[in-house]
Amino acid sequence: MNAVAAASVAIHEVPQAREPVVVSAQGLTRRYGAGDTAVDALRGVSLDVAQGELVAVMGPSGSGKSTLMHILAGLDQPTEGEVVIDGKDITKLKDSELTKLRRKHIGFIFQFFNLLPMLTAEENVVLPLSIAGTKPGREWVDKVIGDVGLSDRRKHRPAELSGGQQQRVAIARAMVSRPTVMFADEPTGNLDSRTSGEILELLRRSVEDYGQTTVMVTHDAKAAAIADRVFFLADGEIVRRLGSASQAEILDALNEVGGQ
């Protein structure tokens, strides 16, 4: 690692915004295996995400970006380190407590949508509320479905929707519980360029209009260009960071840390 990258890792991450920190990770290490065959997917990663901020995480294949997202979202446990969401260290919660925290505080957008095929678009959207035993507020559900452009598709099943429309359902589903943080895993990775642009505009609007804190893992510089900050991972470490940046600036940084 060069001196600039090393210095970047050594500096504790402080959000540029003055909003409260809602996601904080300190000293995250994730080791698979043991002894000579052990592999460290993360090596002491620390970062903070402020309320109402959109953060992108990028890096070459195998850099640890997906592992980082899964740990931040409580889908995996770090070997060392802590993750604090809503003032709680989620790495110390029991499974039942973690499940409750995820229902209330975390929304997730998957690359391949993960919609239930037997449910309509609207039923998929309100599914997190149904599972949590919460009666969805009709006005809020109508607003979310309208904002993602699906008012005339709410009774359609996933097989009757395009890929872009299915991803809109997934975004509405992640937003409907008003989570503390929304995680997006390659949200445009399975879409064509025009539809990708529409989805990115929708994600950015959720931040601007609702203050929806979002952490997005992406390999796409165009997607990262909508973020307030971009973290670059290589070999399990944060080696560079940018504030709001253009697609060209992000591509240059990607090339410096080892491509995509």
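This text goes with the structure placed above it.
Residues numbered from 1 in each chain as written. Predicted model: local features only at pLDDT ≥ 70, side-chain atom pairs only at ≥ 80, totals over all residues. Heavy atoms only, no water.

J.: Whenever I open this one, the pairing of strand β6 (residues 106–109) confuses me. Can you help?
T.: Two faces, one strand: in a regular strand the side chains alternate between the faces of the sheet. Residues I106 and F108 point to one face of β6 and G107 and I109 to the other, with burial holding for every one of them. Where β6 lies against strand β7 (residues 181–185), four bridges are found, and the strand directions are parallel. Each bridged residue has a counterpart across the sheet, and for I109 the counterpart in β7 is A184. (Buried < 20%, exposed > 50% of the residue type's maximum accessible area, 1.4 Å probe, protein only. Helix = DSSP H or I, 4+ residues; strand = E, 2+ residues; numbered from the N terminus. Pairing = 2+ DSSP bridges.)

J.: Help me understand the pattern of salt bridges, please; the structure alone is not making it clear to me.
T.: If the charged atoms of two oppositely charged side chains come close together, the side chains can form a pair. Within the structure shown, the criterion is met by 17 salt bridges. The partner of R154 in a salt bridge is E122, and the shortest N-O contact between them spans 2.9 Å. Here the residue R154 occupies a position in the loop between α6 (138–147) and α7 (163–175), and E122 occupies one in helix α4 (residues 121–125), the gap between them amounting to 32 residues. As a salt-bridge pair, E198 and R194 come within 3.0 Å of each other at their nearest N and O atoms. Taken as a pair, E198 and R194 lie in helix α8 (residues 193–210) at a separation of four residues, close to a single helical turn. Given a relative accessible area of 30%, E198 falls into the partly exposed group. Each of the salt bridges in this network shares a partner with another, and the network as a whole consists of E122, R138, D142, R154 and K155. (Salt bridge = Lys/Arg side-chain N within 4 Å of Asp/Glu carboxyl O.)

J.: I'm lost on helix α10 (residues 247–257) in this one. Help?
T.: Side chains of residues three or four places apart in an α-helix project in the same direction, reflecting 3.6 residues per turn. Residues of α10 that are buried include every one of I250, A253, L254 and V257, and no others. Projected onto a plane normal to the axis of α10, the buried residues spread over an arc of 105° and lie on a single side. In this structure, α10 carries N255 and E256 as exposed residues pointing more than 90 degrees from its buried face. Its buried side turned inward, α10 meets β3 (54–58), α9 (221–224), β9 (229–234) and β10 (237–242). (Arc of directions from axis to C-beta. Contact = heavy atoms within 4.5 Å.)

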